[in-house]
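So you can see what is in the structure, the chains are spelled out below.
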Amino acid sequence: MPIIEVDNLHKAYGTIKALNGLSFHVTAGEIFGMLGPNGAGKTTTVEIIEGLRSADAGRVSVLDMDVARVPAKIKERIGVQLQAPSLLPLLTVQEILGLFGSFYKKSLSAEEALKLLALEESRRVLVKNLSGGQQQRLSVALALINDPDIAFLDEPTTGLDPQARHSLWSVIEDMRKRGKTVFLTTHYMDEAEHLCDRVAIVDHGQIIAQGSPRALIKDHIRETAIEFEMEPPPPNSLLEELPGTTQVSLEQGTVTIYSSDIAATLSSLLKYTEQTKVDDQLKNLRVREATLEDVFLKLTGRRIRE
Ligand code: ATP
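I will try to describe carefully the structure that is included in this document. Per-chain numbering applies: the sequence of each chain, read as written, is numbered from 1 onward. Side-chain atom pairs in this predicted model are given and counted only at pLDDT of 80 or more, local residue features only at pLDDT of at least 70, and totals for whole chains, interfaces and linings cover all residues. Hydrogens are left out, water is left out, and the side-chain values use all remaining heavy atoms of the structure.

## A few points about the pairing of strand E4 (residues 57-62)
- Strand direction decides the pairing type here: strand E1 (residues 2-13) and E4, joined by five bridges, are antiparallel. By the bridge assignment, Val6 is partnered in E4 with Val60.
- Here E4 pairs with strand E5 (residues 65-66) via two bridges, running antiparallel. In the strand pairing of E5, Ser61 is matched with Asp66.
- Between E4 and E5, which pair antiparallel and follow one another directly, the connecting turn spans two residues, one of which, Leu63, has a positive phi of 50°. Only strands joined by at least two bridges in the DSSP assignment are considered to pair. Under the DSSP-based scheme used, a helix requires at least four consecutive residues in state H or I and a strand at least two consecutive residues in state E, with every element numbered from the N terminus.

Printed below as a string of structure tokens:
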């Protein structure tokens, strides 16, 4: 059952077309991810869904309500992660959780929220004195304070260390277990692959692909990726001619070759490095499964993080 429906959304800022006919839906109870490079239109889309910005054209319904008509009703049932700098700096963690909880008819207690995000030990710390990771967790706790049906989390794990990142993944997975819906934007492809039931990949204000991470990878990439580092890299024209090669990407000394015949590509590559006596410059040669990053590269010719 769709809990969010976005139909043919358009939005321009002056001459910049931020959204150019964007359509997708989010199913109740899933973790949905929106991926895309900087400026692709993610924030604009999310803020239109949340009722914080208006669209020039198109329709958005959330929980079967038209966002343009009843934004206040929708706000009771969604949770939105605000970015840390906008939090009130002179309140303690416990105070800000209590304050935000008081805005809603139904909310978690400050204690429940502290526990959920493992912030108990920071309860008396002023918001301005929290570390980056703690601020990040607090902003997620505030998004969940009204026990929302849908939580919108914007890059929730940016800046977290691996342990904090994994513990936040568990919080997000727990929400799904409790039947909640999570709408996530992220730059981390591994995060999207690990957490999301479905993702939409956005570029230049349009959805260029959507589906489960596994299906997207399977549908778009039949090849395996061969990666290595070499400075300077072999000429592109040579790499493209290696047997089995379908696409080559060069980025800051890292070469990625997509190959439909790994054995043939690898052996020709090694033969080339041996013959030209550059084999000692070939570093970190590895063969890996394709990822969502590869899907993006295949569809656009660019990487998500540039
Ligand atoms: P990021 O990952 O960098 O946050 P994004 O995918 O969220 O990017 P948006 O913030 O939605 O992208 O921006 C889409 C386009 O619209 C960009 O070209 C951006 O510069 C432009 N834009 C966004 N907000 C405004 C605004 N308030 N005024 C003018 N242009 C804007």
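There's plenty left to go through after this.
## Describing the packing of helix H3 (residues 93-102) against helix H5 (residues 132-143)
- Angles here are taken between N-to-C directions and fall from 0 to 180 degrees, while the axes themselves are lines fitted to C-alpha atoms, restricted in helices to the stretch in contact. It is at 10 Å that the axes of H3 and H5 come closest, and there the two elements cross at 25°. Regarding the angle of H3 to H5, the classification is roughly parallel. Handedness of the crossing formed by H3 with H5: right-handed. Packed against H3, whose contacting residues are Val93, Ile96, Leu97 and Phe100, the element H5 presents Leu138, Ala141 and Leu142 at the interface. Note on terminology: angles under 35 degrees are roughly parallel, angles over 145 are roughly antiparallel, angles of 65 to 115 are roughly perpendicular, and the others are oblique. Each crossing gets its hand from how the near helix is turned against the far one by less than a right angle, where anticlockwise is left-handed and clockwise is right-handed. When checking whether two residues touch, look at their non-hydrogen atoms; a contact exists if any pair is within 4.5 Å.

## Examining unusual backbone geometry
- For the peptide bond that leads from Glu231 to Pro232, omega is -5°, which places it in the cis range.
- Here Pro232 is to be found in the loop between strand E11 (224-229) and helix H9 (236-241).
- A positive phi angle, close to 50°, is found at Leu63, a residue other than glycine.
- Considering the arrangement of structural elements, one finds Leu63 in the loop between E4 and E5.
- Note on classification: 1.4 Å probe, protein chains only; a residue is buried when its accessible area is under 20% of the maximum for its type, exposed when over 50%, partly exposed between these limits. The class of Leu63 is buried, set by a relative accessible area of 15%.

## Brief notes about the side chain of Asn146
- For Asn146, the location among the structural elements is in the loop between H5 and strand E7 (150-154).
- For Asn146, a relative accessible area of 1% gives the class buried.
- Think of a polar contact as two N or O atoms within 3.5 Å of one another; within protein, one of them needs to be a possible hydrogen donor and the other a possible acceptor, and neighboring residues in sequence only count if both atoms come from side chains. A distance of 3.1 Å separates a polar side-chain atom of Asn146 from the backbone oxygen of Glu76.
- In this structure, Asn146 is in contact with Lys75, Glu76, Arg77, Ile78, Gly79, Tyr104, Lys106 and Ser107, ignoring residues within four places of it in sequence.

## Regarding the packing of aromatic side chains
- Only Phe, Tyr and Trp rings are paired, with Trp represented by its six-membered ring, and only when their centres lie within 6.5 Å; those with planes under 30 degrees apart are stacked, over 60 edge-to-face, the remainder tilted. Counted under the stated rule, the structure contains five aromatic pairs.
- With centroids separated by 6.1 Å and ring planes inclined at 55°, the aromatic side chains of Phe24 and Phe183 adopt a geometry described as tilted. A residue pair is termed long-range when its members are at least 10 positions apart, and Phe24 in strand E2 (residues 16-27) and Phe183 in strand E8 (residues 181-186) qualify at 159 residues.
- When its relative accessible area of 1% is taken as the criterion, Phe183 is described as buried.
- Centre to centre, the rings of Phe100 and Phe103 are 5.4 Å apart; their planes meet at 45°, and the pair counts as tilted.
- Exposure remark for Phe100: the relative accessible area of 15% places this residue in the buried category.
- By the ring-pair criterion, three or more aromatic residues cluster together here, those being Phe24, Phe32, Phe152 and Phe183.

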